[in-house]
Amino acid sequence: MKTINLTTQRQAVYDIVCDAVDHPTAADVMNRLVERGHSFAYGTVYNSLRYLTDKDMIRELKLGEAASRYDARTDDHQHIVCEACGKVDEVMTAIPEEWLARVAEETGYEVEGAHIVVEGVCAECRSKRKK
């Protein structure tokens with residue numbers, strides 16, 4: 001088991017990520033900390049996000065954007081990103097084991113896990129297009 005040292009700053013960052021419904025970036029986390037009355041340095045926020053990720057308390061998402069996003073859900077799930085507005089949602093459909101086996105066979109890799117990012121257009125953006 002990993003030893004966890006949650007400083008006041010790390011706890012505050014963790015709370016922001018846990019309370020989020022939108023997979024915030026580090027800048028989003030920083031802004032929400034300020035809204036809650038905290039005044040941490042950017043370095044502290046980035047270091048706290050790295051620490052929480054390393055301790056498997058949160059998940060860093062690299063979704064093809066310039067900035068990473070963070071997710072308090074660490075269970076096995078995927079993500080879908082709206083190509084129009086950038087909204088990120090969770091996908092609970094499991095990746096088929098057969099597909100992972102075929103990837104391993106094709107590449108020669110021992111597949112240890114996968115994170116799939118699906119792209120599309122969310123319902124809100126689709127309805128805006130129809131107007």
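Residues numbered from 1 in each chain as written. Predicted model: local features only at pLDDT ≥ 70, side-chain atom pairs only at ≥ 80, totals over all residues. Heavy atoms only, no water.

Description of the environment of V117
Mapped onto the secondary structure, V117 falls in strand β5 (residues 117-120). Overall, V117 belongs to the partly exposed group, its relative accessible area being 30%. Considering only alpha carbons, one finds V117 and Q78, 39 residues apart in sequence, at a separation of 6.3 Å. If we skip the residues at most four places from it in the chain, V117 touches L63, H79 and V81. (Helix = DSSP H or I, 4+ residues; strand = E, 2+ residues; numbered from the N terminus. Buried < 20%, exposed > 50% of the residue type's maximum accessible area, 1.4 Å probe, protein only. Contact = heavy atoms within 4.5 Å.)

With respect to the pattern of salt bridges
Following the criterion strictly, the structure yields nine salt bridges and no others. Between D19 and R36 there is a salt bridge; the shortest N-O distance is 2.8 Å. Of this pair, D19 sits in helix α1 (residues 8-19) while R36 sits in the loop between α2 (26-35) and α3 (42-54), and the two are 17 residues apart along the sequence. (Salt bridge = Lys/Arg side-chain N within 4 Å of Asp/Glu carboxyl O.)

Things to note about the nonpolar core
Of all hydrophobic cores here, the largest spans 16 residues; its most connected members are V29, L33, V45 and L49. For this core, the secondary structure elements donating two or more residues are α1, α2 and α3. Once residues lying within four places of it in the same chain are set aside, the contact partners of L33 are A12, V13, I16, H38, F40 and V45. (Core = buried A, V, L, I, M, F, W, Y, C linked by side-chain atoms within 4.5 Å.)

Some thoughts on the packing of aromatic side chains
Tallied over the full model, the rule gives zero aromatic pairs. Above the face of the Y51 ring, R10 is positioned so that its terminal group lies 3.6 Å from the ring centre. (Phe/Tyr/Trp six-rings, centres within 6.5 Å; stacked < 30°, edge-to-face > 60°. Lys NZ or Arg CZ within 6 Å of the ring centre and 35° of its normal.)

Here we look at the packing of α2 against α3
Axis separation between α2 and α3 bottoms out at 10 Å; the angle between their running directions is 120°. The angle between α2 and α3 places the two elements in the oblique class. Viewed along their axes, α2 and α3 form a crossing whose handedness is right-handed. Facing α2, whose interface residues are A26, V29, M30 and L33, α3 presents Y42, V45, Y46 and L49. Per-class residue counts for the contact of α2 with α3 are eight nonpolar, no polar and no charged. (Axes fitted to C-alpha atoms, helices over the stretch in contact; angles between N-to-C directions. Parallel < 35°, antiparallel > 145°, perpendicular 65-115°, else oblique. Left-handed = near helix turned anticlockwise from the far one by under 90°. Nonpolar A, V, L, I, M, F, W, Y, C, P; charged D, E, K, R; others polar.)

Here we look at the confidence of the model for the chain
With 98% of its residues at a pLDDT of at least 70, the chain reaches an overall mean of 92. The weakest mean pLDDT in the chain belongs to helix α5 (residues 123-130) at 89; the strongest belongs to α1 at 97. (pLDDT = per-residue confidence, 0-100.)

Structural notes on the environment of D28
Locating D28 in the fold gives a position in helix α2. Residues D28 and V17, eleven residues apart in the sequence, show an inter-C-alpha distance of 9.6 Å.

Points about the packing of α1 against α2
Running from amino to carboxyl end, α1 crosses α2 at an angle of 110°, the nearest separation of the two axes being 10 Å. Classified by the angle between their axes, α1 and α2 sit roughly perpendicular to one another. When α1 is examined against α2, the residues A12, V13, I16 and V17 are found in contact with a partner set consisting of V29, R32 and L33. Taken together, the residues that form the contact of α1 with α2 break down as six nonpolar, no polar and one charged.

Some details on the side chain of T25
By secondary structure assignment, the location of T25 is in the loop between α1 and α2. Assessed through its relative accessible area of 13%, T25 is described here as buried.

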